[in-house]
Amino acid sequence: MKKTMFIAAALVLGGIVWGVLDNVHPFGDPLKTPVDDYYIAHALKDRSSENIVTSLVFDYRGFDTIGEAAVLFTALCSVTALFRQGGRRD
Amino acid sequence: MNPLSVVVRKGCDIFAWFMVVFGANVIIHGDLTPGGGFQGGAIVATFLTFLLVAYGGNRLLSWVNERFYTSLVGFGLLLFIGLAFMGFPTSFFYNFVSVTHEAAMAGGAHGIIPPSGTIALMDIAVGIEVAGGLSLIVIYMFKGIRLYETSPVGTECGHDR
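Treat the numbers as computed from the prediction; the structure is a model and nothing was measured.

The rules behind the values
- Residues numbered from 1 in each chain as written.
- Chains lettered and ligands numbered in written order.
- Predicted model: local features only at pLDDT ≥ 70, side-chain atom pairs only at ≥ 80, totals over all residues.
- Heavy atoms only, no water.
- Helix = DSSP H or I, 4+ residues; strand = E, 2+ residues; numbered from the N terminus.
- Rg over C-alpha atoms; globule rule 2.2 N^0.38 Å.
- Buried < 20%, exposed > 50% of the residue type's maximum accessible area, 1.4 Å probe, protein only.
- Contact = heavy atoms within 4.5 Å.
- Areas by Shrake-Rupley, 256 points an atom, 1.4 Å probe, with all protein chains shown as cover.
- Lys, Arg positive; Asp, Glu negative; His and termini not counted.
- Charge placed at Lys NZ, Arg CZ, Asp CG, Glu CD.
- Buried area = accessible area lost by both parts, 1.4 Å probe.
- Salt bridge = Lys/Arg side-chain N within 4 Å of Asp/Glu carboxyl O.
- Polar contact = N/O pair within 3.5 Å; in protein donor to acceptor, adjacent residues only side chain to side chain.
- Nonpolar A, V, L, I, M, F, W, Y, C, P; charged D, E, K, R; others polar.
- Arc of directions from axis to C-beta.
- 1 Å grid on protein atoms, 1.4 Å probe; cavity = no way out; pocket = protein on both sides within 12 Å on 5 of 7 lines; lining within 4 Å.
- Points joined across faces, edges and corners; volume = space filled by probe spheres on them.
- pLDDT = per-residue confidence, 0-100.
- Axes fitted to C-alpha atoms, helices over the stretch in contact; angles between N-to-C directions.
- Parallel < 35°, antiparallel > 145°, perpendicular 65-115°, else oblique.
- Left-handed = near helix turned anticlockwise from the far one by under 90°.

Attention now goes to the overall build of chain B. Within chain B, the secondary structure is distributed over six helices and zero strands. Listing the helices and strands of chain B from first to last along the sequence gives α-α-α-α-α-α. Relative to the compact-globule value of 15 Å for 161 residues, chain B shows a C-alpha radius of gyration of 20 Å, a clear excess of over 25%. For chain B, the proportion of its 161 residues judged to be buried stands at 39%. For chain B, contacts bridging at least 24 residues in sequence account for 65% of all contacts bridging at least 6. Surface summary for chain B: the accessible area is close to 8,900 Å², and the carbon and sulfur share equals 69%. In chain B, which carries 7 positive and 9 negative side-chain charges, the distance between the mean positions of the two groups comes to 16 Å.

This part covers the overall build of chain A. For chain A, the helix and strand inventory stands at four helices and zero strands. Going from the N terminus to the C terminus, chain A shows its helices and strands as α-α-α-α. Over its C-alpha trace chain A gives a radius of gyration of 24 Å, far above what one expects of a compact globule, namely 12 Å for 90 residues. Taken along its principal axes, the extent of the C-alpha atoms in chain A is 65 × 55 × 15 Å. Across the 90 residues of chain A, 18% fall into the buried class. Accessible area for chain A stands at about 7,000 Å²; split by element, carbon and sulfur atoms hold 68% of it. Looking at chain A, you have 9 positive and 10 negative side-chain charges, and the mean spots of the two groups are 17 Å apart.

In this assembly, 30 residues from chain A lie in contact with 39 residues from chain B. For the pair chain A and chain B, the summed buried area comes to about 3,000 Å², and 67% of that belongs to carbon and sulfur atoms. When residues of chain A are sorted by the area they lose upon contact with chain B, F58(A), L72(A) and F83(A) head the list and together hold 21% of the total. For the interface between chain A and chain B, the tally reads zero salt bridges. Remark: the boundary between chain A and chain B carries 10 residue pairs in polar contact (both at pLDDT 80 or more). Tallying contributions element by element places helix α4 (residues 62–82) of chain A first for the side of chain A that touches chain B, with 13 residues. Partitioned by chemical class, the residues of the side of chain A that touches chain B number 12 nonpolar, 11 polar and seven charged.

Moving on: the side chain of T118(B). Residue and element names in this part refer to chain B. By the element assignment, T118 lies in helix α6 (residues 118–150). Of the polar contacts made by the side chain of T118, one reaches the side chain of N95; its length is 2.8 Å. Once residues within four sequence positions are removed from consideration, T118 is found in contact with L83, N95, F96 and V97.

A few words on helix α3 (residues 52–60) of chain A. Three or more residues of α3(A) are buried, namely T54(A), S55(A), F58(A) and D59(A). For α3(A), the arc enclosing every buried residue in end-on projection is 95 degrees, short of the 170-degree limit, so these residues lie on one face.

Let us look at the layout of surface pockets. All names here are of chain B. Estimates place the volume of the largest pocket at around 320 Å³. Around the largest pocket, the lining comprises 18 residues; the ones closest to its centre are V20, I27, V44, L72 and A131. Considered class by class, the residues forming the lining of the largest pocket number 15 nonpolar, three polar and no charged.

Another point: the confidence of the model for chain B. For chain B, mean pLDDT is 86; residues scoring 70 or higher make up 91% of the total. Looking at the elements of chain B, mean pLDDT is at its lowest for helix α5 (residues 101–105) of chain B, recorded as 83, and at its highest for helix α4 (residues 66–86) of chain B, recorded as 93.

Attention now moves to the packing of α4(A) against α4(B). Between α4(A) and α4(B), the least distance of the axes is 11 Å, while the angle of their chain directions is 160 degrees. Judged by the angle between their axes, α4(A) and α4(B) are roughly antiparallel. Along this stretch, α4(A) crosses α4(B), giving a crossing that reads as left-handed. Side by side, α4(A) and α4(B) meet where T65(A), I66(A), A69(A), F73(A) and L76(A) of the first sit next to V73(B), L77(B), F80(B) and I81(B) of the second. For the contact of α4(A) with α4(B), the per-class residue count stands at eight nonpolar, one polar and no charged.

This is the structure:
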């Protein structure tokens, strides 16, 4: 019974994965590009930042960068809590 | 961690500061060249790891001041979020000092502030934060390893409960 269930679930999951992979558009040919075209056309002209990646990270997608800074701060807090000096200090 | 041979230490003396210079270069030119705050901050934090490997932990812990790195983390984060808030009459994260490329090429930039505005300034802020944070992580992890090695056998270490 367990084996039958497992085989059925594997078949269903494999079918889903196969269907998704079969529908992926070819590499280098994205479906919708207006946002990419906007960034490439306007990043240098409006913000005069020659590194488009940096202008994306710090200007167009600034909330993501706040999240990254928060991730680093959380990692620092967890390392501090994990490796702190134990015992009584007096 | 024991100090390495005199060759490694001399090499560390010569080359370690160039890591800081290179990392600062990557941070400051983040809006012009590949790289940015996160990458440059990681390069600057490599400096402390290099000193730890070459000179050993006891010398390193006598040199470093944790409050300095903690203040770097706080200063970088506050500068970053403050710069984000300063564009607020328009919107959060509005680039309030940037000039267009044509105006910058015609000489319309604001003197010392780069023409890309908050992009370059946030790069510097995030670079300061990442450099301090990763250096602090290295220091704290080394302290934890040393705590584990010097505690008596069979006792639980690292926790006071």
